[in-house]
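Listed below are the residues making up each chain.
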Amino acid sequence: QVQLVESGGGLVQTGDSLRLSCAASGRTFSNYAMGWFRQAPGKEREFVAAITWNGGRTYYADSVKGRFTISRDNAKNTVDLQMNSLKPEDTAVYYCAADGDLRSKIRVAMSVYEYWGQGTQVTVSS
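Presented here is a report on the structure given in the accompanying data block. Computed from a predicted model, the values in this text were never measured in an experiment. (Residues numbered from 1 in each chain as written. Predicted model: local features only at pLDDT ≥ 70, side-chain atom pairs only at ≥ 80, totals over all residues. Heavy atoms only, no water.)

### A short note on the pairing of strand 11 (residues 120-125)
Step number 1: Burial of strand 11 is one-sided: the residues Thr120, Val122 and Val124 facing one way are buried, the residues Gln121, Thr123 and Ser125 facing the other way are not.
Step number 2: As paired strands, strand 2 (residues 10-13) and strand 11 are joined by four bridges and run parallel to one another. From the neighbouring strand, Gly10 faces strand 11, where its bridge partner is Val122. (Buried < 20%, exposed > 50% of the residue type's maximum accessible area, 1.4 Å probe, protein only. Helix = DSSP H or I, 4+ residues; strand = E, 2+ residues; numbered from the N terminus. Pairing = 2+ DSSP bridges.)

Here you go:
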């Protein structure tokens, strides 16, 4: 079993920054790709960013490319999402997720992510 706990959400203004963190426990964190997803009110959950098991590659949704940065610290079992230049349309509940396959390539489909955190709310006011 894997436990993922997100933190760092909050209420900010347009243009501000936030850093989300996800702490993992329960299995060898360093062997699995990790992703961040988000779900806005009334919308489907969507992919935001992902990082390979060793941190060697990252991938972003077009909507956040150039503004968000995903990173991981395998020694601390954490994966972070640095969010800069936030916009009202970034308002959502943000979830971190762990890929179900060992040392997989980056994948964006939610179905391949086996474990999910409880989410953290990010609200960007205009």
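### What about the pairing of strand 9 (residues 92-102)?
Step number 1: Inspection of the sheet shows strand 4 (residues 32-39) paired to strand 9 by seven bridges, in the antiparallel sense. Residue pairing for strand 9: Met34 is matched across the bridge by Ala98.
Step number 2: Relative to strand 11, strand 9 is paired through three bridges, and the arrangement is antiparallel. Counterpart to Tyr94 in the pairing with strand 11 is Thr120.
Step number 3: By the bridge criterion, three bridges tie strand 9 to strand 10 (residues 113-116) in an arrangement that is antiparallel. When the sheet's bridge partners are listed, Ala97 is paired in strand 10 with Trp116.

### Some words on the state of the cysteines
Step number 1: Taken as a whole and judged by the stated rule, the model has one disulfide.
Step number 2: One disulfide in the model links Cys22 with Cys96; its S-S distance is 1.9 Å. Taken together, the positions of Cys22 in strand 3 (residues 18-25) and Cys96 in strand 9 put the pair 74 residues apart, joining distant regions of the chain. Side by side, Cys22 and Cys96 carry an identical accessibility label, which is buried. (Disulfide = S-S within 2.5 Å.)

### A short note on the sheet that holds strand 1 (residues 3-7)
Sheet strands associate in pairs through backbone hydrogen bonding, adopting either a parallel or an antiparallel arrangement.
Step number 1: Strand order in this open sheet of four strands is 1-3-8-7, and the pairing throughout is antiparallel. Only two strands of the sheet have a single neighbouring strand rather than two, namely strand 1 and strand 7 (68-73). Within this sheet the neighbouring strands show an average axis-to-axis angle of 15°, counted without direction.
Step number 2: The pairing of strand 7 with strand 8 (residues 78-83) spans six bridges and is antiparallel. (Axes fitted to C-alpha atoms, helices over the stretch in contact; angles between N-to-C directions.)

### Section: the side chain of Asp90
Step number 1: Tracing the backbone shows Asp90 in the loop between strand 8 and strand 9.
Step number 2: One polar contact links Asp90 to Arg38, side chain to side chain, over a distance of 2.9 Å.
Step number 3: Within polar-contact distance, the side chain of Asp90 engages the side chain of Arg67 at 2.7 Å.
Step number 4: Sequence-distant contacts of Asp90, defined by excluding residues within four places in its chain, comprise Arg38, Arg67, Phe68, Ser85, Val122 and Val124. (Polar contact = N/O pair within 3.5 Å; in protein donor to acceptor, adjacent residues only side chain to side chain. Contact = heavy atoms within 4.5 Å.)

### Let's talk about the environment of Ala33
Step number 1: Here Ala33 lies in strand 4.
Step number 2: Along the sequence, Ala33 and Ile106 sit 73 residues apart, while their C-alpha atoms lie 6.6 Å from each other.

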